[in-house]
Amino acid sequence: MESLDTKQINLFDYHHIFQNEVLLSYKGPFDSIVLSVLAKYIELLVEKDANASRKMFKIFIELAQNISSYSSEVRPSDGAKIGQLAIGETPDHYSLVTGNLISNSDVVPVIEKCEIINSLDRDALRKYKVEQRNLATSMEHSHIGLIQVALTASQPIDLEVVHIDDEFSFFTVSVKVNK
Amino acid sequence: MENIVIKGAHDVFFIPNVNFDYTACKCELGGESYLEETTKFYTPLLNWLDQYFNEVSMPLTFDFSLTYFNTSSSGAILNILNKLKSFIKSGLSITINWYYDSDDLDMKEEIEDYIYSTDLQINLIPKS
């Protein structure tokens, strides 16, 4: 494992990314304890708006659980899945962005799923959720997380995929919730 | 058979309130559902329903009042509803009520989607 050499890290690289008001940014393990702390903090951040708070919390749980289950970046010491999170705020909406490494073999299925999700109006998306949930064979993974995220946000999901090497890509999901 | 009573908790994970009472012919599932192991939590509840159907088989009332569930729990809840549906098809009388916060339109849609999915009659009861 590479050691953390502080001389090689310049957080200014991140500084310009967050021009809007950043309420929170995080990179690290997405284990259950971290999720619970972040979820609690998100609820507090948006506390003044009960509807937005509920939505941000729901979206966070689904995207964070996706990272917990599927991130290809793993902390060697305990196997915890690594991911990134940023929460932002503008005058008219909140934004929630997550990022993580994924296998290249998962890229096309996820992009296709997002294209379907973003192409459907709300009624069709609800029907799609019901169909996909009926297909689920296990209670642990219903595979409707992204669909539910889009329904909760009432907005399209923005997906960015950056090819890294033959094995992995970096996967960013951005969602907005109106105030 | 025995009743199942689980006191809900809002901790690292969220455990729903469960009160499955065969003497009162009533099931209650409320609070928040976001679990470490969804299958492990819901399987005993599904087994209880089978036992109720086989051993008690009196008209049953099932009251949902969940305020939050993640998508993993949403699959488990569908399994409960599908089981209730199969009992109704076999002749058991079951009343299903779902109490929800009248401000929470997303939850109302979730319940409507279960109705669409299962074709069950679920009474939507808004609470202010």
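Coordinates for the structure precede this section.
The shown structure was predicted, so the numbers you read here are calculated from the model rather than taken from an experiment. (Residues numbered from 1 in each chain as written. Chains lettered and ligands numbered in written order. Predicted model: local features only at pLDDT ≥ 70, side-chain atom pairs only at ≥ 80, totals over all residues.)

Draft legend 1. Representation of the overall build of chain A within the structure. Tallying secondary structure elements over chain A gives six helices and five strands in all. In sequence order, the secondary structure elements of chain A are arranged as α-β-α-α-β-β-α-α-α-β-β. Classification of the 179 residues of chain A by burial places 31% in the buried group. The long-range share in chain A, meaning contacts at least 24 apart out of those at least 6 apart in sequence, stands at 62%. (Helix = DSSP H or I, 4+ residues; strand = E, 2+ residues; numbered from the N terminus. Buried ≥ 20, exposed ≤ 12 C-beta atoms within 10 Å, placed from the backbone. Contact = placed C-beta atoms within 7 Å.)

Draft legend 2. Representation of the nonpolar core within the structure. Residue and element names in this part refer to chain A. Of all hydrophobic cores here, the largest spans 55 residues; its most connected members are M56, I59, F60, L96, V149 and A150. A per-element tally of this core places helix α3 (residues 50–70) first, with seven residues. Sequence-distant contacts of M56, defined by excluding residues within four places in its chain, comprise I42, V46, Y94, L96 and V177. (Core = buried A, V, L, I, M, F, W, Y, C linked by C-beta atoms within 7 Å.)

Draft legend 3. Structural view of the packing of helix α4 (residues 104–119) of chain A against helix α6 (residues 145–153) of chain A. All names here are of chain A. Between α4 and α6, the shortest axis-to-axis distance is 10 Å and the interhelical angle comes to 30 degrees. Classified by the angle between their axes, α4 and α6 sit roughly parallel to one another. Crossing hand, α4 versus α6: right-handed. Taking contact as the criterion, the partners of K113, C114 and I117 in α4 are, on α6, L146, I147 and A150. In terms of residue class, the contact of α4 with α6 is built from five nonpolar, no polar and one charged. (Axes fitted to C-alpha atoms, helices over the stretch in contact; angles between N-to-C directions. Parallel < 35°, antiparallel > 145°, perpendicular 65-115°, else oblique. Left-handed = near helix turned anticlockwise from the far one by under 90°. Nonpolar A, V, L, I, M, F, W, Y, C, P; charged D, E, K, R; others polar.)

Draft legend 4. Main features of the interface of chain B and chain A. Chain B puts 20 residues into the contact, and the matching count from chain A is 21 residues. Breaking the side of chain B that touches chain A down by element, the ones donating at least two residues are α1 (38–55), α2 (71–89) and α3 (105–118) of chain B. Here the side of chain B that touches chain A gets seven residues from one element, more than from any other, and that element is α2 of chain B. Along the lines of polarity and charge, the residues of the side of chain B that touches chain A split into seven nonpolar, nine polar and four charged.

Draft legend 5. Highlighting α3 of chain B. Residue and element names in this part refer to chain B. Given a rise of 1.5 Å per residue, 14 residues ought to cover 20 Å, and the 20 Å separating the end C-alpha atoms of α3 matches this to within 8%. Where α3 is concerned, the buried positions are M107, E110 and Y114. All buried residues of α3 project into a common sector of 50 degrees when viewed along the axis, lining one side. Among the structural elements, α2, β7 (94–101) and β8 (122–127) are those in contact with the buried residues of α3. In the stretch just after α3, D119 is the one whose phi turns positive, near 65 degrees. (Expected span 1.5 Å × (residues − 1). Arc of directions from axis to C-beta.)

Draft legend 6. Molecular detail of the sheet that holds β8 of chain B. All names here are of chain B. An order of β1-β4-β5-β6-β7-β8 is seen for the six strands of this open sheet, with the pairing classed as mixed. The outermost strands of the open sheet, each flanked by one partner alone, are β1 (4–6) and β8. The sheet shows a mean angle of 15 degrees between the axes of neighbouring strands, direction not considered. Of the strand pairs in this sheet, strand β4 (residues 17–21) and strand β5 (residues 26–33) are connected by five bridges, and their pairing is antiparallel. Following the sheet pairing, V18 is matched in β5 by L29. (Pairing = 2+ DSSP bridges.)

Draft legend 7. Region of the structure containing the packing of α1 of chain B against α2 of chain B. Residues and elements named next belong to chain B. With their axes 10 Å apart at the nearest point, α1 and α2 run at an angle of 10 degrees to one another. When the axes of α1 and α2 are compared, the pair comes out roughly parallel. Contacts from T38, Y42, L45, L46, L49 and F53 of α1 reach α2 at S72, S73, A76, N79, I80, K83 and F87. Partitioned by chemical class, the residues of the contact of α1 with α2 number eight nonpolar, four polar and one charged.

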